[in-house]
Amino acid sequence: MTAHSAIGAPPLVAHGGRLDAARRLYPNAPQPWIDLSTGVNPRVYPLPPLADEAFTRLPDDDAFAALDSAARKAYGAPAGADVVPGGGAQAFIQMLPRVFPARRVAILDFTYAEHAACWAAMGAQVDTVETLDALAGADVGVIVAPNNPDGRVVEPQDILSVAAQLSQRGLLIVDESFMDFTPERSVARFAHNEGLVVLRSFGKAYGLPGLRLGFALCSRARGAKLRAALGPWAVSGPALAIGARALSDDVWRANAARASAGDAARLDALLTQAGFHIVGGTTLFRLAAHPQAARCFTHFAARGILTRAFAAKSDWLRFGSPPDESAWARLAAALESVDGG
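Criteria and thresholds
- Residues numbered from 1 in each chain as written.
- Predicted model: local features only at pLDDT ≥ 70, side-chain atom pairs only at ≥ 80, totals over all residues.
- Heavy atoms only, no water.
- Helix = DSSP H or I, 4+ residues; strand = E, 2+ residues; numbered from the N terminus.
- Rg over C-alpha atoms; globule rule 2.2 N^0.38 Å.
- Buried < 20%, exposed > 50% of the residue type's maximum accessible area, 1.4 Å probe, protein only.
- Areas by Shrake-Rupley, 256 points an atom, 1.4 Å probe, with all protein chains shown as cover.
- Lys, Arg positive; Asp, Glu negative; His and termini not counted.
- Charge placed at Lys NZ, Arg CZ, Asp CG, Glu CD.
- Axes fitted to C-alpha atoms, helices over the stretch in contact; angles between N-to-C directions.
- Parallel < 35°, antiparallel > 145°, perpendicular 65-115°, else oblique.
- Contact = heavy atoms within 4.5 Å.
- Nonpolar A, V, L, I, M, F, W, Y, C, P; charged D, E, K, R; others polar.
- Pairing = 2+ DSSP bridges.
- Core = buried A, V, L, I, M, F, W, Y, C linked by side-chain atoms within 4.5 Å.
- Salt bridge = Lys/Arg side-chain N within 4 Å of Asp/Glu carboxyl O.
- Polar contact = N/O pair within 3.5 Å; in protein donor to acceptor, adjacent residues only side chain to side chain.

*Asks:* Explain the overall build of the protein residue by residue, including any values.
*Replies:* When helices and strands are tallied, the protein shows 12 helices and 13 strands. Compactness check: the protein gives a C-alpha radius of gyration of 20 Å against a globular reference of 20 Å for 341 residues, within 12% of the reference. Counting only C-alpha atoms, the protein reaches 60 × 50 × 35 Å along its principal axes. When the 341 residues of the protein are sorted by exposure, 52% land in the buried category. As presented, the protein carries roughly 14600 Å² of accessible surface, and 54% of it is formed by carbon and sulfur atoms. Taking the 32 positively charged and 32 negatively charged side chains of the protein as two groups, their mean positions are separated by 2 Å.

*Asks:* Which residues make up the packing of helix H10 (residues 250-273) against helix H12 (residues 325-336), and what are the values?
*Replies:* Relative to each other, H10 and H12 sit at 20°, their axes nearing to 10 Å. Judged by the inter-axis angle, H10 sits roughly parallel to H12. Along the contact surface, H10 presents Asp263, Arg266, Leu267, Leu270 and Leu271, while H12 presents Glu325, Trp328, Leu331, Ala332 and Leu335. Looking at the contact of H10 with H12 residue by residue, the class counts come to 7 nonpolar, no polar and 3 charged.

*Asks:* Which residues make up the sheet that holds strand E6 (residues 171-175), and what are the values?
*Replies:* Here 7 strands make up an open sheet; going across it, the order is E2-E8-E7-E6-E5-E3-E4 and the pairing mixed. In the strand order of this sheet, the two ends are held by strand E2 (81-86) and strand E4 (125-129), each with one partner. For this sheet, the mean inter-axis angle between neighbouring strands, taken without regard to orientation, is 20°. Both E6 and strand E7 (residues 196-201) contribute to a ladder of 4 bridges, which runs parallel. Bridge pairing in E7 links Leu172 to Leu196. In this fold helix H5 (residues 114-121) packs onto strand E3 (104-108), E4, strand E5 (140-144), E6 and E7, with an angle of close to 160° to the strand it touches most, E5.

*Asks:* Before we move on, could you go through the sheet that holds strand E13 (residues 316-320) and cite the residues and values that matter?
*Replies:* If you walk across this open sheet you meet the 4 strands as E9-E10-E13-E12, and the pairing is antiparallel. Each end of this open sheet is capped by a strand with a single partner; those strands are strand E9 (277-282) and strand E12 (308-309). Sheet topology places strand E10 (residues 285-289) next to E13; 5 bridges connect them, and they run antiparallel. Within E13, the position partnered with Ala289 by the bridge is Trp316. In the packing of H10 onto the sheet, contacts are made with E9, E10 and E13, and the angle to E10 comes to roughly 20°.

*Asks:* Can you explain the nonpolar core? Please cite residues and give values.
*Replies:* Within the largest apolar cluster, 48 residues are counted, with the highest numbers of intra-cluster contacts made by Ile143, Leu172, Phe215, Leu217 and Leu247. With residues up to four places along the chain from it excluded, the contact list for Ile143 reads Leu108, Leu132, Leu135, Val154, Ile159, Leu172, Ile173, Val174 and Asp175. Counting residues in hydrophobic clusters, the runner-up holds 31 residues, among them Ile305, Ala309, Ala327 and Leu331.

*Asks:* Which residues make up the pattern of salt bridges, and what are the values?
*Replies:* Under the definition given, this model contains 12 salt bridges. The salt bridge partner of Arg227 is Asp82, with a shortest N-O separation of 2.8 Å. Taken together, the residues span a long stretch of sequence, with Arg227 in helix H8 (residues 220-230) and Asp82 in strand E2 at a distance of 145 residues. For Arg185, the salt bridge goes to Glu155, with nearest N and O atoms at 2.8 Å. You can see Arg185 sitting in the loop between E6 and E7 and its partner Glu155 sitting in the loop between E5 and helix H6 (156-166), a full 30 residues away along the chain. The class for Glu155 is partly exposed, based on a relative accessible area of 32%. The structure contains a network of salt bridges with shared partners spanning Lys73, Asp250 and Arg253.

*Asks:* Quick rundown of the environment of Ser37? Include the residues and the values.
*Replies:* Among the structural elements, Ser37 can be located in the loop between strand E1 (34-35) and helix H2 (53-56). What makes Ser37 buried here is its relative accessible area of 1%. At a separation of 2.5 Å, a polar atom in the side chain of Ser37 contacts the side chain of Asp35.

*Asks:* For unusual backbone geometry, give the residues involved together with the corresponding values.
*Replies:* For the bond from Gln31 to Pro32, the omega torsion is -5°, close enough to zero to count as cis. Secondary-structure assignment places Pro32 in the loop between helix H1 (19-25) and E1. Residue Pro149 follows Asn148 across a cis peptide bond; omega there is 25°. Mapped onto the elements, Pro149 comes out in the loop between E5 and H6. Positive phi values are uncommon outside glycine, yet Arg212 reaches one of about 55°. For Arg212, the position within the fold is in the loop between helix H7 (203-206) and strand E8 (214-219).

Keep in mind that these numbers describe shape and distance, not what the molecule does.
Pasting the structure below:
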């Protein structure tokens, strides 16, 4: 990786969260770094004490059953659906093209690039489309809802309409990685539908992405194929225990949703005051436009603040919420000096 040039897109655009690379590129930035490049909740779910057996023994059926029960309730999965746990939503994004191969895939764009990359790597023709109607002509359709990075919302009834059209020959994948705080818009309650696979991420809403836990909600027949591909013990003992506990904690989730909404409003106000235009986002991240976004990226990075840039959208930056008042103050100071470089 090369150092940043003043001309062109900033580095670190493939994914957020690459603090190791940021430190190498900006060695003189003040410490500690503030990572606003991911859509991860800065309010971390309090980790419960874990029995030694979570680490010293292979996970047993009871541990998987406890996680299944908690996930079903938290996501509103119907009794006829399978809730398949795995190593994060990303694990399923990479697995689905191998388990359910397709010749033509249509993705509602602009969105998380790993969907297109994983299907293309398996030889599929991948088309990015702008309308829901265009999804219906493919073997597999992909919708990210709420969308990453602009927070685009697709109404559940519209998603189900596309799923019905695809069910005769393929499936519709709905990536709901950022749905936890807006459950009323989820289609997880329809996951028994043979034409639908719903992906959920655990780590984003609970602030624990390093735990590597996610789910695919789908029909029993599709779930059996996914489980066979995953093999036994697809989730670690600590992830099973923490996931079951956190997903059962309705009070924490409700409080986190309220706090996240407050953070989003506060972030919008700061960005707007600094000359950014709010494009959209979710309560876990905000997408903003600025004519000098690449320069702004470097401006923030030089001050130890990592944002998320997009090679294909040179005027966009995505901001997660700061984790504490000290981080909010540093971001506010950096924003005040944006025009001055």
